[in-house]
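Commentary on secondary and tertiary structure
Below, each chain spelled out in residue letters.
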Amino acid sequence: MDEELKCPVCGSLFRDPIILPCSHNVCSACARNIIVQTPEGETPPQSRASGNSDYDYLDMDKMSMYSETDSGYGSYTPCLKSPNGVRVFPPTLVHRHCSITCPLCHRSVSLDERGLRGFPRNRLLEAIVARYQQNRAAAVKCQLCDRNPVDATVMCEQCDVFYCTPCQQRCHPSRGPLAKHRLVPPTQPPPAALQQPNATARKTATCAEHDAENYSMYCTNCKLPVCHHCLEDGKHGKHDVKPLPTMWKHHKGQLSQALNGVSDKAKDAKEFLVQLKNMLQQIQESGVEFEACLVAQCDSLIEALTRQKAKLLTKVTKEREYKLKVVRDQITHCTMKLRQTTGMMEYCLEVIKENDPSGFLLISDALIKRVLSSQDQWVKGALEPKVGPEFDLTLNTDPLLQTILQLDFAQSKAQTPTVPPPPLLQLEKCCTRNNSATLAWRITAVPLVTVDAYVLELDDGNGGQYREVYVGKETVCTVDGLHFNSSYNARVKAYNSVGAGPYSKTVILKTSDVAWFTFDPTSAHRDIVLTNDNQTVSCNSYDDRVVLGTAAFSKGVHYWELRIDRYDNHPDPAFGVARINTTKDMMLGKDDKAWAMYVDNNRSWFMHNNSHTNRAEGGISKGSTVGILLDLNKHSLTFYINKEQHGPVAFENLEGVFMPAVSLNRNVQVTLITGLEVPKNIKQ
């Protein structure tokens, strides 16, 4: 408890301590040194700011107190510093308007005419300091002697260390920064007033207001002991007062109860300190073990790299030996052939020198063949090296080097991986076109959280259950084949090895009210010719060929038209709908995957699965329009010619997915017109 018994101003044990209004203590002499003069009528700065203080100060803090040593001098006194850095002021004569600032909490309070005598003395603290000094004075040894410590001769109150004379002269000389430290005898007796062995032997405390009166009551409002004169003169007359012994016992009980709680916390703190000290050894041992493990792992990597280096060097050696052998063999072979050729050339030159025609002609044919044959042996390939000096071996170390540079410790056990956070839909990139919807999203990077893939879900366009439409690592997805004139709710989530994270916010995407589409060149027959941005179709064959539209319908009411741009020799093109796998090399409607109306210049028929029904009078010509109304709410198909319904409802009970379709030959050319409103007044 040394720190509890030292003055915050001088750093020494308390002498005649007084209690400031903030409940902190200072020596009486130190209190005189820290008195501050204030101009007349001005409140100390910190007193003005008392409303912002964390302390519950008493009303007495705000009393106007003046020093009994009033000098009438109005200037501020010079400022010094105590050995522990606290600002102090020399004990000069003080102006009537003075204040004192607590060196710990910096709370300022003005002095009244009694000066420092207005603050109560802390008699209990005096007694405790006296007992502390008595206990410490018994046979104190030097704390710095290496062997056989001798009795201490001095003690430094600031360092709180006992020295013998040699150690003091060697380790604590009275010069430099240590010159301000106060050295006292270790057996220095405490002041006589503090040498009482117990509280009963001490002089009974008397009232600060009435010197001859003993304290007998306790004012709960002012939280001060008072005498009966204090009650009679009116200052505490209306306050709540209680007998002093009763409040003494009550406050002792409160302090004992509070100490029990602090004692439990202190016990826990001691156990915690033991745990921390044990952890120091564990950390040291774990660090050594981990370093050894790390060195072993790195050594194993170096060893593996060394083994691989030896293997690669072996391959390089083999390649070098192979190239050397090939070149040496080629040198040997070429040298032998060159020697043979040179010998033959010298022989031929000698033959040419002879002047025997008949003898020359006997061997000339054979020599000419030999020379020509030898010349053929020196072709271009024979005069080129079979191998090059370069080695066709490439060692790419970049990935390995990158991996080595990224080599780091895995996440610790305490850092448990978690699921990914909810993705953020990028609304500025989400859009619809016809019956397709494009969605884009991103995810906020979180340390130690990875994303393996995303799951995009859409409902059925009627607020029904969600279904997965995409699973993958991309953050942009386009969903085709949606219903026209429908509102879809979309959401996305991310998942990793831990599990799936929460869903993103829901975004609503509305498809087009009417269908805008063209002919599909990817599924059309090879004889089909598409122009005008795939809106105009013709054919190169005299046989009927089928082309489908790019839209697929499974819900809603849809209407489109085809304008006849060319109509020669009275052909019978067919118009209608079909499955995506309908036959493309014959008239539309001849198989069971198409529903159509084929028409010439005079009449028309409905056809499905090669069944012809409902012949109707009236045909088409150049400039005519053929309309197709697909009502999947009523599951029916109706045809129009020149904006008028042609015949009854052609087909009913249509279920599934249907695509616009046309079949035609080389005598017909039509243009597709989409995005039209549905005709009214349909005849049954």
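About the thresholds
- Residues numbered from 1 in each chain as written.
- Predicted model: local features only at pLDDT ≥ 70, side-chain atom pairs only at ≥ 80, totals over all residues.
- Heavy atoms only, no water.
- Helix = DSSP H or I, 4+ residues; strand = E, 2+ residues; numbered from the N terminus.
- Buried < 20%, exposed > 50% of the residue type's maximum accessible area, 1.4 Å probe, protein only.
- Phe/Tyr/Trp six-rings, centres within 6.5 Å; stacked < 30°, edge-to-face > 60°.
- Core = buried A, V, L, I, M, F, W, Y, C linked by side-chain atoms within 4.5 Å.
- Pairing = 2+ DSSP bridges.
- Axes fitted to C-alpha atoms, helices over the stretch in contact; angles between N-to-C directions.
- Contact = heavy atoms within 4.5 Å.
- Salt bridge = Lys/Arg side-chain N within 4 Å of Asp/Glu carboxyl O.

**Digging into unusual backbone geometry**
For N434, which is not a glycine, the phi torsion comes out positive at approximately 55°. Residue placement: N434 occurs in the loop between strand 15 (431–433) and strand 16 (436–442). For N434, a relative accessible area of 11% puts it in the buried group. A positive phi angle, near 60°, is found at N653, a position not held by glycine. Of note, N653 is situated in the loop between strand 32 (644–645) and strand 33 (659–664). With a relative accessible area of 68%, N653 lands in the exposed category.

**Structural notes on the packing of aromatic side chains**
The full count for this structure, using the stated rule, is 11 aromatic pairs. Ring centres 5.8 Å apart and planes at 65° place the aromatic pair W441 and Y454 in the edge-to-face group. Residue W441 is located in strand 16, and its partner Y454 is located in strand 17 (residues 453–458); the two are separated by 13 residues in the primary sequence. As far as burial versus exposure is concerned, W441 and Y454 are alike and both buried. Taking 5.8 Å as the distance between ring centres and 80° as the angle between the ring planes, the aromatic pair formed by F517 and W560 counts as edge-to-face. Highlighted residues: F517 in the loop between strand 21 (507–510) and strand 22 (528–531) and W560 in strand 25 (residues 557–567), separated in sequence by 43 residues. For F517, a relative accessible area of 5% translates into the label buried. Ring-pair connections join several aromatic residues into one group, and the members of that group are F484, F517, F553 and W560.

**Describing the nonpolar core**
F553, W560, L562, F575, L630 and L637 are the most contacted members of the largest nonpolar core, which has 39 residues in total. Core analysis: the second largest hydrophobic core is formed by 26 residues, I18, L20, V26 and C30 among them.

**A few points about the sheet that holds strand 18 (residues 467–472)**
With antiparallel pairing, the four strands of this open sheet are ordered in space as 18-17-20-21. Edge positions in the sheet fall to strand 18 and strand 21, since each of these pairs with one other strand and no more. Pairwise comparison of adjacent strand axes, ignoring direction, gives a mean angle of 30° for this sheet. Where strand 20 (residues 487–495) and strand 21 come together, four bridges link them in antiparallel fashion. By the bridge assignment for strand 21, N489 is matched with I508.

**Remarks on the sheet that holds strand 11 (residues 217–219)**
One open sheet accounts for three strands, arranged 12-11-13; its pairing is antiparallel. The open sheet terminates on both sides in strands that have one partner only, identified here as strand 12 (224–226) and strand 13 (241–243). The average undirected angle you get between the axes of adjacent strands in this sheet is 35°. Summarising the sheet, strand 11 and strand 12 pair through three bridges and their orientation is antiparallel. Among the inter-strand pairings, M217 is bridged to a residue of strand 12, identified as V226. On top of the sheet, helix 6 (residues 244–353) reaches strand 11, strand 12 and strand 13; it is set at about 85° to strand 13, its chief contact.

**Re the pattern of salt bridges**
Per the stated rule, a full pass over the model turns up 17 salt bridges. When the shortest N-O distance is used, the salt bridge between R491 and E457 registers 3.0 Å. In this pair, R491 is assigned in strand 20 and E457 in strand 17, connecting sequence segments 34 residues apart. For the salt bridge of R566 with D568, the shortest nitrogen-to-oxygen distance reads 3.6 Å.

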